[in-house]
Amino acid sequence: MSRNFGLDLLRAISIWLVLFQHAGINIPGLKPLKIGGIGVEIFFVISGYLIGGILFREIEKNNSLKTTLKKFWTRRWFRILPLYYLILAAKFIFSGGSIGWNILYYVFFLQNNFFGISFFEVSWSLVIEEWFYLFSPIFLFLVTKFLKKESLIFSAMLGFIVLVVILRTIYVVHGDVPYEGVNSNFPFRFDSLFIGVLLSYLNHKKWNLFERLKSIKVFIAGLLLFFTYIYYYWTLSFPNDLINESYFPRTVGFFVLPFSIGLIIPYISNITVKNWNQFYIKFIANSIL
């Protein structure tokens, strides 16, 4: 699969936002989202877009579900799990095994929902990604094979996104769940990733809708929505943290931010730079110097 300059640039921005947060750099008063959280949202949508493309190509090879899952999961897990488990083991050893048998929550990516992430805080986004890797190929395979028609497949994915938003809203309103209780709760965060999957399907099937989404007007609309929501969120969190006093950021707000990113992706993905490998090398060299 060839590299895409625009998506690589957007992914680099998301990584730098996360690194800035870990370095202690943040937008004053922007809590509990923080700039690292914004970076993660960007990464989620891009991840859904790229993984969706991989899965749609695999499914169209007419392989069985077993073959599709074996190829996809093997490829994904060998890229992520060895390093994750190595770091987890090292952390467990050097902490003196203080977490005890509760380490199993981290082994099976259940810490977000059943234990807490204090032992390995940065793992929270990986939990969402891993469960997405488990769920998405099964869902997309079944939807594609049984519905067959492109319009029905598109509607099923769109319906799934709406369902996640509805279930998240019920979950929050019924239990008055705080922002932190939703942010890392993987069943209620799949809409961010499936926005990317939906865009990937439009692009994969060469729908005219995706071509229209590549326009500069849609790109600007996405940027305006993105920064408007960030500003709205900031007004709720500064000077007093009122995020948990409002339902919107804990329910629909979790959809608005990735949706705005989704509006940005088609235009960004269409950006090309001649000799982009040399461009990256020069950029990195200049940054070091």
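Quick caveat: nothing in here was measured; it's all calculated off a predicted structure. All residue numbers refer to positions counted from 1 along the written sequence of the respective chain. The predicted origin of the model limits local features to residues at a pLDDT of at least 70 and limits the giving and counting of side-chain atom pairs to 80 or more, whereas totals for whole chains, interfaces and linings rest on all residues. By convention in this description, side-chain values take in all heavy atoms of the structure and omit both hydrogens and water.

Caption draft 1: Molecular detail of unusual backbone geometry. Omega for the peptide link from Phe-238 to Pro-239 comes to 5 degrees, which places this bond in the cis form. Tracing the sequence through the fold places Pro-239 in the loop between helix H11 (216-237) and helix H12 (253-269). Despite not being glycine, Lys-34 has its phi angle at roughly 60 degrees, a positive value. With a 1.4 Å probe rolled over the protein chains alone, any residue whose accessible area is under 20% of its type maximum counts as buried; one over 50% counts as exposed, and the rest are partly exposed. For Lys-34, a relative accessible area of 30% puts it in the partly exposed group. Positive phi values are uncommon outside glycine, yet Phe-109 reaches one of about 55 degrees. Each helix corresponds to a stretch of at least 4 residues labelled H or I by DSSP, and each strand to a stretch of at least 2 residues labelled E; elements are numbered beginning at the N terminus.

Caption draft 2: Summary view of empty space enclosed by the protein. Any residue with an atom within 4 Å of a point lines the site, the site being either a cavity, points on a 1 Å grid over the protein atoms alone where a 1.4 Å probe fits but cannot get out, or a pocket, an open set with protein on both sides within 12 Å along at least 5 of 7 lines. Grid points are joined across faces, edges and corners, and a volume is the space filled by probe spheres set on the points. Evaluated as defined, the whole model comprises 1 cavity of 30 Å³ or more. Size it by volume and the largest cavity reaches roughly 60 Å³. If you go around the largest cavity, the residues you meet are Leu-33, Glu-41, Tyr-179, Arg-189, Tyr-229, Tyr-233, Pro-249, Gly-253, Phe-254, Leu-257 and Pro-258. Those elements giving two or more residues to the lining of the largest cavity turn out to be H11 and H12. At 4 residues, the largest contribution of residues to the lining of the largest cavity is made by H12. When residues are sorted by character, Ala, Val, Leu, Ile, Met, Phe, Trp, Tyr, Cys and Pro go into the nonpolar class, Asp, Glu, Lys and Arg into the charged class, and all the rest, Gly among them, into the polar class. Among the residues making up the lining of the largest cavity, the classes are represented as 8 nonpolar, 1 polar and 2 charged.

Caption draft 3: Layout of the packing of aromatic side chains. Within 6.5 Å between ring centres, the rings of Phe, Tyr and Trp (the latter by its six-membered ring) count as paired, and their orientation is classed by plane angle as stacked under 30 degrees, edge-to-face over 60, tilted in between. The full count for this structure, using the stated rule, is 39 aromatic pairs. Summarising the aromatic geometry, the rings of Tyr-106 and Phe-119 are spaced 5.5 Å apart at their centres and angled 70 degrees between planes, so their arrangement reads as edge-to-face. One end of the pair, Tyr-106, is in helix H4 (residues 103-107); the other, Phe-119, is in the loop between helix H5 (111-114) and helix H6 (124-147), with 13 residues separating them in the sequence. A network of ring pairs unites the aromatic residues Phe-72, Trp-131, Phe-132, Tyr-133, Phe-135, Phe-139, Phe-160, Phe-186, Phe-190 and Phe-194 as a single cluster. Taking NZ or CZ as reference, Arg-76 lies 5.7 Å from the ring centre of Tyr-133, over its face. A positively charged side chain is recorded as over a ring if its NZ (Lys) or CZ (Arg) lies within 6 Å of the ring centre. The angle to the ring normal must also be within 35 degrees.

Caption draft 4: View of the environment of Phe-259. Along the chain, Phe-259 turns up in helix H12. Residues Phe-259 and Gly-196 lie 63 residues apart in sequence; the distance between their C-alpha atoms is 9.0 Å. In this analysis, two residues are considered to be in contact whenever any of their non-hydrogen atoms come within 4.5 Å of each other. Setting aside residues up to four positions removed in sequence, Phe-259 forms contacts with Ile-195 and Leu-225.

Caption draft 5: Geometry of the pattern of salt bridges. When a carboxyl oxygen of Asp or Glu is within 4 Å of a side-chain nitrogen of Lys or Arg, the pair counts as a salt bridge. For the structure on display, the rule yields 9 salt bridges. Residue Arg-11 is joined to Asp-8 by a salt bridge in which the shortest nitrogen-to-oxygen separation is 3.0 Å. Highlighted residues: Arg-11 and Asp-8, both in helix H1 (residues 5-22), separated by 3 residues, approximately one helical turn. Asp-8 sits in the buried class, given a relative accessible area of 12%. Note that Lys-205 is salt-bridged to Glu-60, the shortest N-O span being 2.6 Å. In this pair, Lys-205 is assigned in the loop between helix H9 (190-204) and helix H10 (208-213) and Glu-60 in the loop between helix H2 (34-59) and helix H3 (65-94), connecting sequence segments 145 residues apart. Owing to a relative accessible area of 41%, Glu-60 belongs among the partly exposed residues under this scheme. Several salt bridges converge on common partners, so that one network encompasses Glu-58, Lys-61, Lys-71 and Arg-75.

Caption draft 6: Structural detail: H6. Given a rise of 1.5 Å per residue, 24 residues ought to cover 34 Å, and the 34 Å separating the end C-alpha atoms of H6 matches this to within 8%. At the C-terminal side of H6, Lys-148 shows a positive phi close to 65 degrees. The length a helix should cover is 1.5 Å for every residue beyond the first.

Caption draft 7: Representation of the side chain of Glu-129 in the model. Checked against the element boundaries, Glu-129 lands in helix H6. Positive charges come from Lys and Arg, negative ones from Asp and Glu, while His and the chain ends are left out of the count. For Glu-129, which is buried and forms no salt bridge, the nearest opposite charge comes from Arg-76, at a distance of 6.7 Å. Among all residues touching Glu-129, those that are not within four sequence positions of it are Phe-43, Phe-44, Ser-47 and Leu-193.

Caption draft 8: Structural context of the nonpolar core. The definition of a nonpolar core used throughout is a set of buried Ala, Val, Leu, Ile, Met, Phe, Trp, Tyr and Cys residues joined through side-chain atoms within 4.5 Å. Ranked by size, the top nonpolar core spans 80 residues in total, and within it Leu-140, Met-157, Phe-194 and Ile-265 carry the most contacts. Broken down by element, the residue count for this core peaks at 14 residues, all from H2. Excluding residues that lie within four positions of it along the chain, Met-157 makes contacts with Phe-56, Phe-139, Leu-140, Val-197, Leu-198 and Tyr-201.

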